[in-house]
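A closer look at the structure
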Amino acid sequence: MTRLLKPLLAALAAAALSAVVVPAAHAAPQQTEAAPHTEKVQQETVRIATYNASLNRSAAGELLRDLSTPENQQARNIAEVIQRNDPDILLLNEFDYVEDYAAVDLFRQNYLQVSQNGQDPVEYPYAYTAPSNTGVDTGVDLNNDGVLGTGDDAFGFGLFPGQYGMVVLSKYPIDTANVRTFQNFLWKDMPGNLMPTDYYSAEAQELLRLSSKSHWDVPVQVGNQAVHVLASHPTPPSFDGPEDKNGKRNFDEIRFWADYVAGGPRASYIYDDGGDRGGLQPGSRFVVMGDQNSDPRDGDSWPGAIGQLLEHPRIQDPLPASRGAVEAAALQGGANISHLNDPRFDTADFNDNPAPGNLRADYVLPSKNLLVRDAGVFWPKRGEPGSELTGEFPFPTSDHRLVWTDVQLRG
């Protein structure tokens, strides 16, 4: 399939679907300096990416305010990173949820569809977003501090409902009629879960949801085939105490996808927000993606957390890498010196002194029935094009890097 045929395929598929969209011209994407396709790969592949964009704000309404004009420097930087890498399907983590796609539409119109620093604009006619557990108060003192209604007492940590939300952007139609969300799935309903019952009260155990944000299965129609975007953003395995409630929740949030893609009896306990049960059907094409907040060998993860996906029999790890991450680890030192994981696979630039250092936290993990053609992390070395977009100065962008994988749909 040539990339020039994508607009036609998208239009034909859209006629049979009920995706939530803002109508826009579906222009053929252009090559970029940051991660160019070869001519052969360009004719055959779909680029799928995840990016923790740090487009979260400290109060409701602030993101709408910032995106209402094309002048917000951070949003311009994020848009430029996206334009340089030009993914066909993109998951953004830490994008505050606003009803009626208001923030999503402003970001598309004022930033992505406007050239940033000479880059070609990029258009995503299709989008999906939904409520997040972050900032939604439980009415229970979850952190046992004697105070109700704090960010720690929400279903997922947040200062207002929807903080740190997610959005999927796509050049292909999204089959919204068949999206499955798992926002309300209860942690206690996962067999063999790691919930620290000696920490949480009986009341908390009964109502606590598994997802700190949400888990989404978003089918994207690529030609005549569906690719399931399995999107999530598990809680960081830190900011807790000896009970390790966040580390254990992170493990189980990741485990959810491992069970879901296994399907069959292993996924029989799973139910979605509409009441349907079970996991993916055998033979489904999927990509597990998002900021999983878990490094295979370093950081504070519960042992084996991300390994549940990396070693899964239905999943492949393209091992996206960058030279910039190697350079950053060497220059920054600190915790990076003692890391066990190869720094070229790092995707996040965290505090180095005393910890945790730079980590591999963000993943695009295709099913084994997709053919991986290429993969990478947008982390240029100093002085390379776009390197100013990955640091603190002269202006902040995000402490995470965009991670992409090019896949070919077999047969």
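Residues numbered from 1 in each chain as written. Predicted model: local features only at pLDDT ≥ 70, side-chain atom pairs only at ≥ 80, totals over all residues. Heavy atoms only, no water.

1. Some thoughts on the sheet that holds strand β6 (residues 215-222)
- Sheet architecture is open: five strands sit in the order β5-β6-β7-β8-β9, paired in mixed fashion. Sheet topology places β5 (180-181) and β9 (362-366) at the edges, where each strand pairs with a single neighbour.
- Here eight bridges tie β6 to strand β7 (residues 225-232), and the two strands are oriented antiparallel to one another. Paired with D217 across the strands is L230, a residue of β7.
- Set on the sheet, helix α7 (residues 245-262) makes contact with β5, β6, β7 and β8 (285-291); between it and β6 the angle comes to about 45°. (Pairing = 2+ DSSP bridges. Helix = DSSP H or I, 4+ residues; strand = E, 2+ residues; numbered from the N terminus. Contact = heavy atoms within 4.5 Å. Axes fitted to C-alpha atoms, helices over the stretch in contact; angles between N-to-C directions.)

2. Topic: the side chain of E243
- Take E243: it is sitting in the loop between β7 and α7.
- According to the relative accessible area criterion, E243 is buried, its value standing at 15%.
- Contact partners of E243, with chain neighbours within four places excluded, come to P196, Y199 and K248. (Buried < 20%, exposed > 50% of the residue type's maximum accessible area, 1.4 Å probe, protein only.)

3. Things to note about the packing of aromatic side chains
- Taken as a whole and judged by the stated rule, the model has 14 aromatic pairs.
- With a centroid separation of 5.2 Å and 90° between ring planes, the pair formed by Y128 and W216 is classed as edge-to-face. With Y128 in strand β3 (residues 126-128) and W216 in strand β6, this pair connects stretches of sequence that are 88 residues apart.
- Judged by relative accessible area, which is 1%, W216 ranks as buried. (Phe/Tyr/Trp six-rings, centres within 6.5 Å; stacked < 30°, edge-to-face > 60°.)

4. Observations concerning the environment of E253
- Assignment of secondary structure puts E253 in helix α7.
- When its relative accessible area of 0% is taken as the criterion, E253 is described as buried.
- Other than its neighbours up to four places away in sequence, E253 contacts L210, S211, S212, H215, H233, P234 and T235.

5. With respect to the nonpolar core
- Membership of the largest hydrophobic core comes to 60 residues, with the highest contact counts inside it found for I82, L92, F95 and F107.
- Those residues in contact with F107 that lie beyond four places of it in its chain are L55, L67, A75, I78, A79, I82, L92, F95 and L112. (Core = buried A, V, L, I, M, F, W, Y, C linked by side-chain atoms within 4.5 Å.)

6. Some words on the pattern of salt bridges
- Tallied over the entire structure, the rule returns 17 salt bridges.
- Of the charged contacts in the structure, one is a salt bridge between R382 and E327, with a shortest N-O distance of 4.0 Å. Here E327 lies in helix α9 (residues 323-332) and R382 lies in the loop between β10 (370-377) and β11 (403-409), a separation of 55 residues in the sequence.
- Connected through salt bridges with shared partners, the residues R57, R65 and D66 form a single ionic network. (Salt bridge = Lys/Arg side-chain N within 4 Å of Asp/Glu carboxyl O.)

7. Brief notes about the sheet that holds strand β4 (residues 166-170)
- Strand order in the open sheet formed by six strands is β3-β4-β2-β1-β11-β10, and the pairing between neighbours is mixed. What marks the edges here is a single partner per strand, and that holds for β3 and β10. Each strand axis lies, on average, 20° off the axis of its neighbour in the sheet, ignoring direction.
- This element, helix α4 (residues 73-85), spans β1 (46-55), β2 (89-95) and β11 of the sheet and lies at about 165° to β1.

8. Structural notes on the pairing of β7
- With seven of eight residues buried, β7 lies mostly within the body of the structure.
- In this sheet, β8 lies alongside β7 in parallel orientation, the contact comprising five bridges. Counted as the bridge partner of L230 is V288 from β8.
- Handedness of the crossover joining β7 and β8 through α7: right-handed. (Right-handed = clockwise from strand over helix to strand, strands pointing away.)

9. Re the layout of surface pockets
- Estimates place the volume of the largest pocket at around 820 Å³.
- Taken together, 38 residues make up the lining of the largest pocket; nearest its centre are T235, P236, P237, S238 and F239.
- Considering each element in turn, the lining of the largest pocket owes the most residues, three residues, to α7.
- Across the lining of the largest pocket, the residue classes tally to 14 nonpolar, 13 polar and 11 charged. (1 Å grid on protein atoms, 1.4 Å probe; cavity = no way out; pocket = protein on both sides within 12 Å on 5 of 7 lines; lining within 4 Å. Points joined across faces, edges and corners; volume = space filled by probe spheres on them. Nonpolar A, V, L, I, M, F, W, Y, C, P; charged D, E, K, R; others polar.)

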